[in-house]
Amino acid sequence: MQPNSVLLVVCNTPDADTARKIASALVERRLAACVNILAPCQSVYRWQGEVEDSSEVPLLIKTTTARYGALEAAICALHPYEVPEIIALPVSHGLPDYMSWVLAETSHHEAGH
Amino acid sequence: MQPNSVLLVVCNTPDADTARKIASALVERRLAACVNILAPCQSVYRWQGEVEDSSEVPLLIKTTTARYGALEAAICALHPYEVPEIIALPVSHGLPDYMSWVLAETSHHEAGH
Amino acid sequence: MQPNSVLLVVCNTPDADTARKIASALVERRLAACVNILAPCQSVYRWQGEVEDSSEVPLLIKTTTARYGALEAAICALHPYEVPEIIALPVSHGLPDYMSWVLAETSHHEAGH
């Protein structure tokens, strides 16, 4: 992976308000260039031995490898779950101008964050 | 890729009932730690020479490289399509506690599956 | 990555009509094997210094590394944004018959595109 490359981070939140709060904070702090708050989904998982399901709101977060650590820490601080889902997918190809925009929007020096 | 790492698997199903049936079976059998059943989507594809579209329900499945083969076989057995979409995206970064949870939830020894 | 491997491309569009127009054109021209038009999402981003949000329609596009360049050019020509989001995620595992189908559906010789 290149020194500083683009990542698509997937995170699930319990509801739309939490989704918006986290999405806005990540963009505000230049930890993400943009965040898509998807339509609500139904999540199926095991909890204390039983297969359960609940409604969640997925986030698709566009950030970089350089900002991933700070992004993860910020989500953990803002998210109500003890162990939220935060997984990052490497981007292998992309429109160069868009990739540059993501790098610029999340770069430190511009914002001092 | 590490010996046993986390994968995000994408699979599309024809309707919500099939989506729920597959999602529950995968978690029940510890082939997936969790499955998100997204809101219905519209799929565009070519079928017998014509560009067609139909409603589908996407699944986002969190599993591991070690369990991928068994997961694929289980989906094929449960899915009504002859050749369902099953594609896996490698996860390059993730919240360590979440990644460990995925590995634990899908590990053999706990369930003997 | 193998010489010609499957990619999952993510692109956001401003509305359902644009989403359908782009999805149909990509499949028609064999630049994509299939495209999922997801339910509308809310996108949060910075625009001229302010954190804003707007409704968008995400596309999940299944194509190959060999066709990615032509796919990117076609989306740019069809998309109303000056710099649309076009990012590609490498597929590390997949149902062999499905992967072969994606390669066949997007191969040049069959269509002369």
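Before going into details, it helps to say that this report is about the structure given with it. (Residues numbered from 1 in each chain as written. Chains lettered and ligands numbered in written order. Predicted model: local features only at pLDDT ≥ 70, side-chain atom pairs only at ≥ 80, totals over all residues. Heavy atoms only, no water.)

### Looking at the relation of the copies chain C and chain A
Its rotation angle being 120 degrees, the transformation that places chain C on chain A also includes 0.0 Å of axial translation and leaves an RMSD of 0.0 Å. Both chain copies can therefore be described as sitting about a three-fold axis. Of every C-alpha in chain C, the one belonging to alanine 39 of chain C sits nearest the axis of rotation, 3.6 Å from it. The share of interface residues of chain C whose copies in chain A are also at the interface is only 11%, consistent with the copies meeting through different surfaces. (Least-squares fit on C-alpha atoms with pLDDT ≥ 70 in both. Contact = heavy atoms within 4.5 Å.)

### With respect to the interface of chain C and chain A
Listed per partner, the contact involves 28 residues of chain C and 28 residues of chain A. Carbon and sulfur atoms supply 63% of the area buried between chain C and chain A, which totals about 2200 Å² over both sides. Summed over the three residues of chain C that lose the most area to chain A, namely Val44, Arg46 and Ile87 of chain C, the buried surface amounts to 29% of that side. In this assembly, chain C and chain A are joined by three salt bridges. Across the pair arginine 46 of chain C and glutamate 28 of chain A runs a salt bridge, and its minimum N-O distance is 3.9 Å. Across the chain C-chain A interface, the total number found is 14 residue pairs in polar contact (both at pLDDT 80 or more). Broken down by secondary-structure element, the contributors of at least two residues to the side of chain C that touches chain A are strand 1 (6–13), strand 3 (41–47), strand 4 (50–64), helix 2 (68–78) and strand 5 (86–90) of chain C. The residue makeup of the side of chain C that touches chain A, split by class, is 19 nonpolar, four polar and five charged. Where strand 2 (residues 34–37) of chain A lies against strand 3 of chain C, four bridges are found, and the strand directions are antiparallel. Across the sheet, residue valine 35 of chain A finds its bridge partner in strand 3 of chain C, namely valine 44 of chain C. (Buried area = accessible area lost by both parts, 1.4 Å probe. Salt bridge = Lys/Arg side-chain N within 4 Å of Asp/Glu carboxyl O. Polar contact = N/O pair within 3.5 Å; in protein donor to acceptor, adjacent residues only side chain to side chain. Helix = DSSP H or I, 4+ residues; strand = E, 2+ residues; numbered from the N terminus. Nonpolar A, V, L, I, M, F, W, Y, C, P; charged D, E, K, R; others polar. Pairing = 2+ DSSP bridges.)

### As for the relation of the copies chain B and chain A
Both copies of the chain are related through a single rotation about an axis accompanied by a shift along the same axis. Rotating chain B by 120 degrees about the axis while translating it 0.0 Å along that axis superimposes it on chain A, leaving an RMSD of 0.0 Å. Counting the interface residues of chain B, we find that no more than 11% of their copies in chain A are interface residues as well, pointing to two distinct contact surfaces.

### Description of the side chain of glutamate 105 of chain C
Position of glutamate 105 of chain C relative to the elements: it lies in helix 3 (residues 96–105). Judged by its relative accessible area of 11%, glutamate 105 of chain C is buried. When near neighbours in sequence (up to four residues on either side) are disregarded, glutamate 105 of chain C contacts Arg46 of chain B together with Arg30 and Ala33 of chain C. (Buried < 20%, exposed > 50% of the residue type's maximum accessible area, 1.4 Å probe, protein only.)

### A word on the packing of helix 1 (residues 16–28) of chain B against helix 2 (residues 65–78) of chain B
Residues and elements named next belong to chain B. Interaxial distance between helix 1 and helix 2 falls to 10 Å at its minimum, and their mutual angle equals 145 degrees. Two packed elements cross with a definite hand, and for helix 1 against helix 2 that hand is right-handed. Contact residues: helix 1 offers Lys21, Ile22, Ala25 and Leu26, while helix 2 offers Leu71, Ala74, Ile75 and Leu78. (Axes fitted to C-alpha atoms, helices over the stretch in contact; angles between N-to-C directions. Left-handed = near helix turned anticlockwise from the far one by under 90°.)

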